[in-house]
Amino acid sequence: MRTKINAQPNQSLIDGITTLQALASSPEPIGCRELARQLDSDPTKINRLLKTLAYLGIARQTANRKYTAGPGMHVLAAQSLFASGLIRRALPELEQLRRYGHTVAMGVLWNDSVSYLFHAPPGIEASRGLGRIGLLPATTSGIGIALLAELEDVDVRELYEGRDIPMFPDGTDSLLAKLSEVRALGYARVHVADERDHHIVSVSMGDPVHAGIAMSGWIPEGATAPLVEALREAAQRIGE
């Protein structure tokens with residue numbers, strides 16, 4: 001979730017972390033110029049940042065001079081998960097939620113995307129749900145909608161200013177109406193009208209809110225209440 005700050009943010013640090021995040025989310029090794037195009041940035045600056053990340057071991061350069069995650073990035077990921085304790089606390093609760101026969105997920109909001117820490121459809125081992133999928137647009141995700149509802153309307157408008165919003169072709173006002181509904185209900189119910197034609201029920205968790213958990217599948221309206229209650233109880237047990 002976004003935090004308001006009083007001091008002027010450090011732009012160099014922002015550029016470095018933006019480059020790091022883009023590199024981490026790239027499914028294949030990526031070249032400097034391609035990454036600069038993705039970030040709409042100067043290739044010389046991105047090249048300098050990538051070389052710095054490689055010097056630190058957070059990135060590494062492949063034989064064809066592209067960049068990918070280095071050992072330092074994996075160390076940072078492992079250290080952060082260990083230090084937060086979120087995965088350790090959540091896994092037993094997420095496993096229990098699978099008894100309902102739906103896909104069970106946990107994710108966090110990153111700008112206008114959701115990063116799934118856990119996503120396990122029925123029938124697969126829980127361990128395969130870890131890091132199974134990457135970033136998805138927040139407005140296509142029940143977890144994303146639940147977490148966007150925690151933001152102020154002015155922040156949502158700023159986030160999507162001048163941009164198309166997936167699943168909300170009518171624009172920001174349509175999204176804000178959905179978020180207002182979520183705030184009133186205390187949970188998100190999203191109908192994904194694609195080839196799967198499924199529903200997502202999600203709640204936010206943490207104090208302050210920092211993540212969300214969800215179940216998805218064919219969920220009739222009448223089945224929503226018990227699933228929401230199960231999600232809320234799990235969120236409470238997972239805690240901070």
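As a further point, take the overall build of the chain. The number of helices and strands found in the chain is nine helices and eight strands. Here the C-alpha radius of gyration of the chain, 19 Å, is about what a compact globule of 240 residues would show, namely 18 Å. By principal-axis analysis of the C-alpha atoms, the chain measures approximately 55 × 40 × 40 Å. Residue burial in the chain is summarised as follows: out of 240 residues, 43% are buried. The contacts of the chain with a sequence gap of at least 6 include a subset with a gap of at least 24, amounting to 50%. The positive charge centre, built from 24 side chains, and the negative charge centre, built from 27, are 8 Å apart in the chain.

Below, the discussion takes up the pattern of salt bridges. A full pass over the atoms with the stated rule returns eight salt bridges. For Arg183, the salt bridge is made with Asp153, and the minimal N-O distance between the two is 3.0 Å. In this pair, Arg183 is assigned in helix α8 (residues 172–185) and Asp153 in helix α7 (residues 153–160), connecting sequence segments 30 residues apart. By relative accessible area, Arg183 is classed as partly exposed at 36%. On the basis of relative accessibility, which here comes to 33%, the residue Asp153 falls in the partly exposed class. Put simply, Lys178 and Glu181 hold a salt bridge, and the shortest N to O gap is 2.9 Å.

Per-residue pLDDT for the chain has a mean of 90; in total, 96% of the residues score no lower than 70. Considering each helix and strand of the chain separately, the mean pLDDT is smallest for helix α4 (residues 71–84), with a value of 82, and largest for α8, with 97.

Turning next to the pairing of strand β6 (residues 188–192). Across the five residues that make up β6, a large majority, four, are buried. Both β6 and strand β7 (residues 198–205) contribute to a ladder of five bridges, which runs antiparallel. Opposite Arg189, over in β7, you have Val201 as the bridge partner.

This next bit is on the sheet that holds β7. The strand order across the open sheet formed by six strands is β5-β4-β3-β8-β7-β6, and the pairing between neighbours is antiparallel. The two strands at the open ends of the sheet, each matched to only one other strand, are β5 (135–137) and β6. Direction aside, neighbouring strands of the sheet carry axes that sit 35° apart on average. For strand β4 (residues 113–120) and β5, the ladder comprises three bridges, and the chain directions are antiparallel. Residue pairing for β5: Val114 is matched across the bridge by Leu136. With respect to the sheet, helix α5 (residues 86–97) is in contact with β3 (103–110), β4, β7 and β8 (211–217), its orientation differing from that of β3 by roughly 145°.

Turning next to the layout of surface pockets. The computed volume of the largest pocket comes to approximately 1200 Å³. Around the largest pocket sit 29 residues that line it, and Ala77, Ser80, Val108, Ser115 and Leu117 are the ones nearest its centre. The greatest single-element share of the lining of the largest pocket, amounting to seven residues, is contributed by α4.

This part is about the packing of α7 against α8. Two quantities define a packed helix pair, namely the angle between the helix axes and the distance between the axes. Two elements in contact, α7 and α8, have axes whose closest approach is 11 Å; the angle formed by their N-to-C orientations is 145°. The way α7 lies across α8 gives a crossing that is right-handed. Taking contact as the criterion, the partners of Asp153, Val156, Arg157 and Tyr160 in α7 are, on α8, Thr172, Asp173, Leu175, Leu176, Leu179 and Arg183. Split by residue class, the contact of α7 with α8 holds five nonpolar, one polar and four charged.

Right, let's talk about a nonpolar patch on the surface for a bit. There is a patch of nonpolar side chains on the surface, built from Leu13, Ile17, Trp110 and Leu135 and spanning about 360 Å² of accessible area. Within the element layout of this structure, Leu135 appears in strand β5. Judged by its relative accessible area of 35%, Leu135 is partly exposed.

We now examine the side chain of His102. Counting through the fold element by element, His102 comes out in the loop between α5 and β3. On the accessibility criterion, His102 (14% relative accessible area) is buried. Those residues in contact with His102, other than ones at most four positions away along the chain, are Ala120, Pro122, Met215, Ser216, Gly217, Trp218, Ile219 and Leu227.

Thresholds, definitions, all that
Residues numbered from 1 in each chain as written. Predicted model: local features only at pLDDT ≥ 70, side-chain atom pairs only at ≥ 80, totals over all residues. Heavy atoms only, no water. Helix = DSSP H or I, 4+ residues; strand = E, 2+ residues; numbered from the N terminus. Rg over C-alpha atoms; globule rule 2.2 N^0.38 Å. Buried < 20%, exposed > 50% of the residue type's maximum accessible area, 1.4 Å probe, protein only. Contact = heavy atoms within 4.5 Å. Lys, Arg positive; Asp, Glu negative; His and termini not counted. Charge placed at Lys NZ, Arg CZ, Asp CG, Glu CD. Salt bridge = Lys/Arg side-chain N within 4 Å of Asp/Glu carboxyl O. pLDDT = per-residue confidence, 0-100. Pairing = 2+ DSSP bridges. Axes fitted to C-alpha atoms, helices over the stretch in contact; angles between N-to-C directions. 1 Å grid on protein atoms, 1.4 Å probe; cavity = no way out; pocket = protein on both sides within 12 Å on 5 of 7 lines; lining within 4 Å. Points joined across faces, edges and corners; volume = space filled by probe spheres on them. Left-handed = near helix turned anticlockwise from the far one by under 90°. Nonpolar A, V, L, I, M, F, W, Y, C, P; charged D, E, K, R; others polar. Patch = residues over 30% accessible without salt bridge, like charges linked within 9 Å, V, L, I, M, F, W, Y side chains within 5 Å. Areas by Shrake-Rupley, 256 points an atom, 1.4 Å probe, with all protein chains shown as cover.

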